[in-house]
Amino acid sequence: MPFESFISQLQQGSDRLYLTTQDVAVDDQGRPGLMAPPVTNLREDFPLRPDLLSTLQPFNYNLWIGQTQTGSSSGLHHDFHDNLYVLIHGCKRFRLISPKDAEAMATAGDIAQVHSNGRICYQGEVTAADGSSLAASEASVRQQKAEEAVAKAEDAVAKGLPGAQEQLTEAEAELEEALEALLDAEGGFGDDGDDNDDNDDDDGDNIVLDVLATATSDTPKDVEESLPNSFSKVDLGQPSAVIQKEFPLFQTAVQTFCTVRAGEMLYLPCGWFHEVTSLPQASQANANASKPGLHMAFNYWFHPPVPGDNTCFEQPYPTSAWADDWQLRPESQAFSN
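All values derive from a computational prediction rather than experimental measurement.

Asker: Is there a simple way to think about the environment of Arg-93 in this case?
Answerer: Considering the arrangement of structural elements, one finds Arg-93 in strand S5 (residues 91-97). Along the primary structure Arg-93 and Ser-73 are separated by 20 residues, whereas in three dimensions their C-alpha atoms are 9.4 Å apart. Contacts of Arg-93, omitting those with residues within four sequence positions, involve Phe-257, Cys-258, Thr-259, Glu-275, Val-276, Thr-277 and Leu-279.

Asker: Just checking my understanding: could you explain unusual backbone geometry for this structure?
Answerer: When glycine is set aside, most residues are seen to have a negative phi, and most peptide bonds are trans. Cis rather than trans, the peptide bond between Pro-37 and Pro-38 has omega equal to 5°. Considering the arrangement of structural elements, one finds Pro-38 in the loop between strand S1 (17-19) and strand S2 (58-68). Phi at Ala-106 takes a positive value of approximately 50°, unusual for a residue other than glycine.

Asker: Can you walk me through the sheet that holds S5 in this structure?
Answerer: Remark on secondary structure: sheet strands pair via backbone hydrogen bonds, oriented parallel or antiparallel. What the four strands build is an open sheet, ordered S3-S11-S5-S9; its pairing is antiparallel. The outermost strands of the open sheet, each flanked by one partner alone, are strand S3 (72-73) and strand S9 (255-261). As defined by bridge partners, S5 adjoins strand S11 (residues 273-278) across six bridges and the pair is classed as antiparallel. Residue pairing for S11: Lys-92 is matched across the bridge by Ser-278.

Asker: Could you clarify how one ought to interpret the pairing of strand S4 (residues 82-89) in this entry?
Answerer: Two faces make up the sheet, and in a regular strand the side chains alternate between them. Strand direction decides the pairing type here: S4 and strand S14 (residues 293-302), joined by seven bridges, are antiparallel. Directly across from Val-86, in S14, lies its bridge partner Phe-298.

Asker: Quick question: what am I supposed to make of the environment of Thr-127 here?
Answerer: Considering the arrangement of structural elements, one finds Thr-127 in the loop between strand S7 (120-122) and helix H2 (134-158). Looking at Thr-127, the relative accessible area reads 0%, which means it is buried. For the pair Thr-127 and Ser-137, spaced 10 residues apart in the sequence, the C-alpha separation amounts to 9.0 Å. In this structure the side chain of Thr-127 is engaged in a polar contact, spanning 3.4 Å, whose partner is the side chain of Arg-119.

Asker: What is the right way to read the nonpolar core from this model?
Answerer: Side chains that are nonpolar tend, in soluble globular proteins, to be buried together. Counting residues in each nonpolar core, the largest one holds 21 residues, and the members touching the most others are Met-35, Val-39, Phe-46, Tyr-61, Phe-298 and Tyr-300. Contact partners of Phe-298, with chain neighbours within four places excluded, come to Val-39, Phe-46, Tyr-61, Asn-62, Leu-63, Trp-64, Leu-84, Tyr-85, Val-86 and Ile-88. Formed by 15 residues, the second largest nonpolar core is a distinct cluster that contains Ile-97, Ala-102, Phe-247 and Ala-253.

Asker: I would appreciate a short explanation of the pattern of salt bridges in the present structure.
Answerer: This structure, assessed with the given rule, holds four salt bridges. In this structure, Glu-174 engages Arg-142 in a salt bridge whose closest nitrogen and oxygen atoms are separated by 2.8 Å. Here the residue Glu-174 occupies a position in helix H3 (residues 164-185), and Arg-142 occupies one in helix H2, the gap between them amounting to 32 residues. Linking Glu-177 and Arg-142 is a salt bridge whose minimum nitrogen-to-oxygen distance equals 3.3 Å. Here the residue Glu-177 occupies a position in helix H3, and Arg-142 occupies one in helix H2, the gap between them amounting to 35 residues. What you see here is one network of salt bridges that share partners, running through Arg-142, Glu-174 and Glu-177.

Asker: Would you mind showing me how to read H2 here?
Answerer: Since the α-helix turns once every 3.6 residues, residues separated by three or four places project in the same direction. Its 25 residues give H2 an end-to-end C-alpha distance of 37 Å, which sits within 8% of 36 Å, the value for a rise of 1.5 Å per residue. Every buried residue of H2 is accounted for by Ala-136, Ser-137, Ala-139, Ser-140, Gln-143, Ala-146, Val-150, Ala-153 and Ala-156. Phi for Gly-160, located one or two positions after H2, is positive at around 75°.

Asker: In this structure, what is going on with the packing of aromatic side chains? I would like to understand it.
Answerer: The way to describe two aromatic rings as a pair is by their centre distance and the angle between their planes. If you walk through the whole model with that rule in mind, you get 10 aromatic pairs. Both rings, one in Phe-46 and one in Tyr-61, keep their centres 5.4 Å apart while their planes meet at 45°; by these two values the pair is tilted. In this pair, Phe-46 is assigned in the loop between S1 and S2 and Tyr-61 in strand S2, connecting sequence segments 15 residues apart. A residue is classified by how much of its surface remains accessible, and Phe-46, at 10% relative accessible area, is buried. The exposure class assigned to Tyr-61 is buried, which follows from its relative accessible area of 0%. Between the aromatic rings of Phe-80 and Tyr-122, the centroid separation amounts to 6.3 Å while the plane-to-plane angle is 70°, which identifies the pairing as edge-to-face. You can see Phe-80 sitting in the loop between S3 and S4 and its partner Tyr-122 sitting in strand S7, a full 42 residues away along the chain. Its relative accessible area of 1% is what places Tyr-122 among the buried residues. In this structure an aromatic cluster arises from ring pairing among Phe-46, Tyr-61, Phe-298, Tyr-300 and Phe-302. Here the basic side chain of Arg-43 rests over the ring of Phe-46, its NZ or CZ set 5.3 Å away from the ring centre. Positioned above the aromatic ring of Trp-326, the side-chain terminus of Arg-49 is 5.1 Å from the ring centre.

Parameters and conventions
Counting of residues starts from 1 at the beginning of each chain's written sequence and follows it residue by residue. In view of the model being predicted, local features appear only for residues whose pLDDT reaches at least 70, and side-chain atom pairs are presented and counted only at 80 or more, with totals across whole chains, interfaces and linings using the full set of residues. Excluded from the side-chain calculation are hydrogens and water; included are all heavy atoms of the structure. Each helix is a run of DSSP H or I of at least 4 residues and each strand a run of E of at least 2, with the numbering of both proceeding from the N terminus. The contact rule is simple, with two residues in contact once any of their heavy atoms fall within 4.5 Å. We call two strands paired when DSSP finds no fewer than two bridges between them. Working definition: with a 1.4 Å probe on protein chains only, accessible area under 20% of the residue-type maximum means buried, over 50% means exposed, and in between means partly exposed. Polar contact is defined as a pair of N or O atoms within 3.5 Å, subject to the rule that within protein one atom must be able to donate a hydrogen and the other to accept it, and that residues adjacent in sequence are counted only when both atoms are side-chain atoms. What we call a nonpolar core is a set of buried Ala, Val, Leu, Ile, Met, Phe, Trp, Tyr and Cys residues that are connected through their side-chain atoms within 4.5 Å. For this document, the term salt bridge refers to a Lys or Arg side-chain nitrogen within 4 Å of an Asp or Glu carboxyl oxygen. An expected span of 1.5 Å times one less than the residue number is assigned to each helix. Geometry of aromatic contacts follows a simple scheme: Phe, Tyr and Trp rings, the Trp one being its six-membered ring, pair when their centres are within 6.5 Å, and the pair is stacked under 30 degrees between planes, edge-to-face over 60, tilted otherwise. We count a charge as sitting over a ring when the NZ of a lysine or the CZ of an arginine lies within 6 Å of the ring centre and within 35 degrees of the ring normal.

Printed below as a string of structure tokens:
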């Protein structure tokens with residue numbers, strides 16, 4: 001649907017269409033782009049890397065637009081990337097649950113591992129904590145060791161130590177092999193198949209929309225089974241007694257609620273389960289009545305940082321995998337800040 005037609009329907013009061021995460025183009029090496037229309041048309045209106053989070057590596061940028069008459073829910077789920085959520089218009093209520101309670105979430109997929117930074121991996125989709133493929137992580141460590149060996153050998157050559165030239169030749173050969181291994185490993189660009197779970201075919205100015213529907217207890221079984229791995233099977237629209245009976249562990253999870261209003265931001269780390277409810281606009285004439293509430297948000301997706309002995313604010317990742325990937329993106333060079 002052309003973006004202009006979408007806006008026209010919103011102006012006519014439609015609350016059935018929702019501009020959700022935009023699918024991005026993929027280059028010939030399998031590397032996903034940073035943004036797609038209509039975000040590309042707003043490129044000059046936001047920094048690729050905000051000063052507040054300048055050391056994090058961006059993964060994607062999205063725009064969200066819709067409106068609701070009665071309040072629409074995203075469903076309970078988690079994402080695979082850290083999310084800086086900026087609300088431009090409207091009001092949204094977040095239900096938040098820590099990844100420490102992941103086993104109580106009754107996810108559609110079978111959880112294989114929960115990393116220390118909250119990154120949740122599913123059977124057959126295990127990655128490193130920062131979302132890079134395990135092969136890329138191992139190759140990056142190999143590259144770093146090879147670079148250290150080359151530097152040490154070069155120092156030995158400069159000092160004229162016996163056998164130093166042979167050591168340098170061997171170290172340079174190892175570095176070349178390590179770099180080739182890293183390029184091969186980064187061909188998958190990590191996130192083993194889960195990118196689309198954060199990014200729920202663009203054609204020119206056309207956009208892809210979700211058609212909102214009200215979930216019911218009569219939802220067909222095949223629809224429930226088609227949920228992405230990261231979504232919970234718990235229907236929060238059901239009475240507490242029904243949820244308790246079907247998902248007893250869910251009641252043990254600690255839930256936190258917050259409301260985000262226009263001009264406010266929420267930083268949501270990967271792995272945190274959340275249900276986002278877009279709220280209608282209360283009528284000034286009648287506090288008990290509502291009219292469609294327009295909601296619009298922009299968000300940054302970041303590859304999740306990994307706290308540890310070898311990381312810090314300036315270097316939030318244990319390897320250079322995502323920094324190397326960023327440098328290879330043409331958008332990052334064309335739109336450098």
